[in-house]
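The lines below spell out each chain.
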Amino acid sequence: MHARADAADTAPNWPDDIFATLQRFDVRQVPYVPDAGHSKLIQRVLDSSTMRGIPLTTEEEGVALLAGAWAGGQRGVLLMQSSGVGNCINMLSLIPILRFPFLTLVTMRGEWGEFNPWQVPMGSTTQGVFELSGVQVLRASSAAEVPAVLEAAASQAYNALTPTAVLLSQRLIGAKVFTK
Amino acid sequence: MSKANLLDRRQVVSTLLANRKDVVAIGGLGASTNDMCAAGDHARNFYLWGGMGGAAMIGLGLALAQPRLPVLVITGDGEMLMGLGSLATIGLQKPSNLSIAVLDNEAYGETGGQTSHTSVAADLVGVAKACGIADSRAVTTMAEVEAFAKAVHDISAGPRFANVKIDSASLERILPSRDGTYILNRIRGDLGFQPI
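### Focus on the overall build of chain B
Here is step 1 of the chain: The secondary structure content of chain B amounts to eight helices and eight strands.
Here is step 2 of the chain: Its C-alpha atoms give chain B a radius of gyration of 15 Å, near enough to 16 Å, the size a compact globule of 196 residues would have.
Here is step 3 of the chain: In terms of overall dimensions, chain B has C-alpha extents of about 50 × 35 × 30 Å along its principal axes.
Here is step 4 of the chain: Looking at chain B residue by residue over its 196 residues, the buried ones come to 48%.
Here is step 5 of the chain: Of the contacts made within chain B by residues no fewer than 6 positions apart, 74% connect residues no fewer than 24 positions apart.

Structure (structure tokens):
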């Protein structure tokens, strides 16, 4: 069984802050590959009447989806975990070519007390992969800084068409642990 | 699959787009995007020159954003194979205004004609159906192409999928614009959206 080390007792509020920001920026399409760190936000999206949660089979689908959404006049945001970033690499080339607003929120694995070595290679290169692909990286490491980071990220992504990834650090979401 | 009676890709695409009215059309990387241009350039043509495997998902994003517009993805068997999972994603969302037509020559025509998985084993109609796209058709005649072209305009009965068996002739390239920003903003402009 899996549990979040420091998130088991109280549900965190920072996903609500993210949801509120996305709502304020009129985000309509929310493609995602599920991650435990995104579970509360995904539930808020699925319960929303203005946003459409769209489960993907692989993260690169979400990059292409957001291009189509923008062609049709809608903003979107891609939710994934760090291991999914590598799946996106070639599809990220659509972003500078088509110039559509790109915002992704990435829950980090492979850092800050990670127990699973298999998460570490991709977690260690997540930021580098984004930067090499022309996506600016912002990071939130504590619940207190989530609102300001999300505001900045959404603003530059949607108003200035600056491709932006927000890394939600494992320190924020809580390192995954095995319990028996 | 019988190799007899394979259809001409240009004739298929020009039939799909002949009475397009308000259709937004997405052309997958490869000859499909050229076929769309050969049928006549149009402000609502979304030509792809990259992002292999992404055509159907671009179609989904557009179809969800514009539920009253018919959206038609025209792509090749190789491009569709690279994005097979997107058929499952589309089968789950069930956008009733989205249609996908695969031009299946059972080969990677742009890279030397190497055979693709559909030549022997992969059944794209079966995959689409099994992913929840109930209206999935194996198309081998121009009459069936015409019927599909008509169905594209029924925005209440999709999603639908057609796998069209075409011949593997390599045709003169009719190249659309390669400027992605121009292509995308031209579509947005035609749909009434202002630049940012």
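### Section: the overall build of chain A
Here is step 1 of the chain: Along the backbone of chain A there are eight helices and nine strands.
Here is step 2 of the chain: Computed over the C-alpha atoms, the radius of gyration of chain A is 15 Å, within 12% of the 16 Å expected from 2.2 N^0.38 for a compact globule of 180 residues.
Here is step 3 of the chain: Oriented by its inertia axes, the alpha-carbon framework of chain A measures out at about 50 × 35 × 30 Å.
Here is step 4 of the chain: The buried share of chain A, reckoned over its 180 residues, is 46%.
Here is step 5 of the chain: The contacts in chain A between residues at least 6 apart in sequence include a share of 77% that link residues at least 24 apart.

### Focus on the interface of chain B and chain A
Here is step 1 of the chain: Listed as interface residues are 27 residues of chain B and, on the opposing side, 26 residues of chain A.
Here is step 2 of the chain: When contributions to the side of chain B that touches chain A are tallied by element, the ones reaching two or more residues are α3 (55–65), α5 (84–93) and α8 (180–190) of chain B.
Here is step 3 of the chain: Take the side of chain B that touches chain A: its biggest share by element is eight residues, from α3(B).
Here is step 4 of the chain: By residue class, the composition of the side of chain B that touches chain A is 14 nonpolar, 12 polar and one charged.

### A closer look at unusual backbone geometry
Here is step 1 of the chain: The step from B:Gly158 to B:Pro159 runs through a cis peptide bond, and the omega angle for that step is -5°.
Here is step 2 of the chain: On the secondary structure map, B:Pro159 appears in the loop between α7 (142–151) and β8 (160–165).
Here is step 3 of the chain: A positive phi angle, near 40°, is found at A:Trp112, a position not held by glycine.
Here is step 4 of the chain: Within the secondary structure, A:Trp112 sits in the loop between β6 (103–107) and α6 (120–132).
Here is step 5 of the chain: Looking at A:Trp112, the number of C-beta atoms within 10 Å reads 15, which means it is partly exposed.

### Topic: the nonpolar core
Across soluble globular proteins, you tend to see nonpolar side chains buried next to one another.
Here is step 1 of the chain: Grouped together as the largest cluster of nonpolar side chains are 105 residues, with contacts concentrated most on A:Val166, B:Phe46, B:Ala101 and B:Val164.
Here is step 2 of the chain: Leaving out residues up to four positions away in the same chain, B:Val164 has contacts with B:Leu7, B:Val12, B:Ala101, B:Val102, B:Leu103, B:Asp104, B:Val139 and B:Val145.

### Observations regarding the sheet that holds strand β2 (residues 45–47) of chain B
Residue and element names in this part refer to chain B.
Here is step 1 of the chain: Read across the sheet, six strands follow the order β2-β1-β3-β4-β8-β7 without closing on themselves; strand pairing throughout is parallel. Either end of the sheet is taken by a strand with one partner, and the two such strands are β2 and β7 (135–139). Ignoring strand direction, the axes of neighbouring strands in this sheet form an average angle of 15°.

### Observations regarding the packing of helix α1 (residues 9–17) of chain B against helix α2 (residues 31–38) of chain B
All names here are of chain B.
Here is step 1 of the chain: Two numbers describe how α1 lies on α2: the axes approach to 9 Å, and their chain directions differ by 60°. With respect to α2, the axis of α1 lies oblique. In this structure, α1 crosses over α2, and the sense of that crossing is right-handed. Side by side, α1 and α2 meet where Arg 9, Arg 10 and Val 13 of the first sit next to Ala 31, Asp 35, Met 36 and Ala 38 of the second.
Here is step 2 of the chain: Partitioning the contact of α1 with α2 into residue classes produces four nonpolar, no polar and three charged.

### A word on the packing of helix α3 (residues 60–71) of chain A against α3(B)
Here is step 1 of the chain: At a minimum axis distance of 6 Å, the contact between α3(A) and α3(B) shows a crossing angle of 40°. Classified by the interaxial angle, the pair formed by α3(A) and α3(B) is oblique. Considering the relative orientation of α3(A) and α3(B), their crossing is right-handed. Along its contact with α3(A), which presents A:Glu61, A:Ala64, A:Leu65, A:Leu66, A:Ala67, A:Gly68, A:Ala69 and A:Ala71, the element α3(B) presents B:Met57, B:Ile58, B:Gly59, B:Leu60, B:Gly61, B:Leu62, B:Leu64 and B:Ala65.
Here is step 2 of the chain: For the contact of α3(A) with α3(B), the residue count by class is 12 nonpolar, three polar and one charged.

### Some words on helix α7 (residues 146–159) of chain A
Each α-helix winds once per 3.6 residues, and so residues spaced three or four apart point in a common direction.
Residues and elements named next belong to chain A.
Here is step 1 of the chain: The first and last C-alpha atoms of α7 sit 19 Å apart over 14 residues, in line with the 20 Å expected at 1.5 Å per residue.
Here is step 2 of the chain: All of the buried residues in α7 are Val 146, Val 149, Leu 150, Ala 153, Ala 154 and Ala 157. Angularly, the buried residues of α7 cover 125° about the axis, an arc narrow enough to put them on a single face.
Here is step 3 of the chain: On the buried face of α7, the contacting elements are α1 (14–24), β6, β7 (136–140) and β8 (164–168).

### Side note on the environment of B:Val73
All names here are of chain B.
Here is step 1 of the chain: If you trace the backbone, Val 73 turns up in strand β3 (residues 71–76).
Here is step 2 of the chain: In this structure the C-alpha to C-alpha distance between Val 73 and Ile 196, which are 123 residues apart in sequence, comes to 26 Å.
Here is step 3 of the chain: Excluding residues that lie within four positions of it along the chain, Val 73 makes contacts with Ile 26, Gly 28, Ala 55, Ala 56, Gly 59 and Ile 100.

### Thoughts on the confidence of the model for chain A
The predicted coordinates ought not to be read in detail in places where the model reports low pLDDT.
Here is step 1 of the chain: For chain A, per-residue confidence averages 93 on the pLDDT scale, and 93% of positions sit at 70 or higher.
Here is step 2 of the chain: For residues 5–9 of chain A, every residue scores under 50 in pLDDT, and the model assigns this stretch eight contacts once sequence neighbours within four places are set aside.

### Quick word on the pairing of strand β1 (residues 24–27) of chain B
Residues and elements named next belong to chain B.
Here is step 1 of the chain: Burial along β1 is two-sided: the residues Val 24 and Ile 26 and Ala 25 and Gly 27 are all buried.
Here is step 2 of the chain: Pairing between β1 and β3: four bridges, direction parallel. Bridge pairing in β3 links Val 24 to Val 71.
Here is step 3 of the chain: Where β1 lies against β2, three bridges are found, and the strand directions are parallel. For Ile 26, the partnering residue across the bridge sits in β2 and is Phe 46.
Here is step 4 of the chain: The parallel pair β1 and β2, bridged by α2, forms a crossover whose chirality is right-handed.

Each value, and the rule that gives it
Residues numbered from 1 in each chain as written. Chains lettered and ligands numbered in written order. Predicted model: local features only at pLDDT ≥ 70, side-chain atom pairs only at ≥ 80, totals over all residues. Helix = DSSP H or I, 4+ residues; strand = E, 2+ residues; numbered from the N terminus. Rg over C-alpha atoms; globule rule 2.2 N^0.38 Å. Buried ≥ 20, exposed ≤ 12 C-beta atoms within 10 Å, placed from the backbone. Contact = placed C-beta atoms within 7 Å. Nonpolar A, V, L, I, M, F, W, Y, C, P; charged D, E, K, R; others polar. Core = buried A, V, L, I, M, F, W, Y, C linked by C-beta atoms within 7 Å. Pairing = 2+ DSSP bridges. Axes fitted to C-alpha atoms, helices over the stretch in contact; angles between N-to-C directions. Parallel < 35°, antiparallel > 145°, perpendicular 65-115°, else oblique. Left-handed = near helix turned anticlockwise from the far one by under 90°. Expected span 1.5 Å × (residues − 1). Arc of directions from axis to C-beta. pLDDT = per-residue confidence, 0-100. Right-handed = clockwise from strand over helix to strand, strands pointing away.

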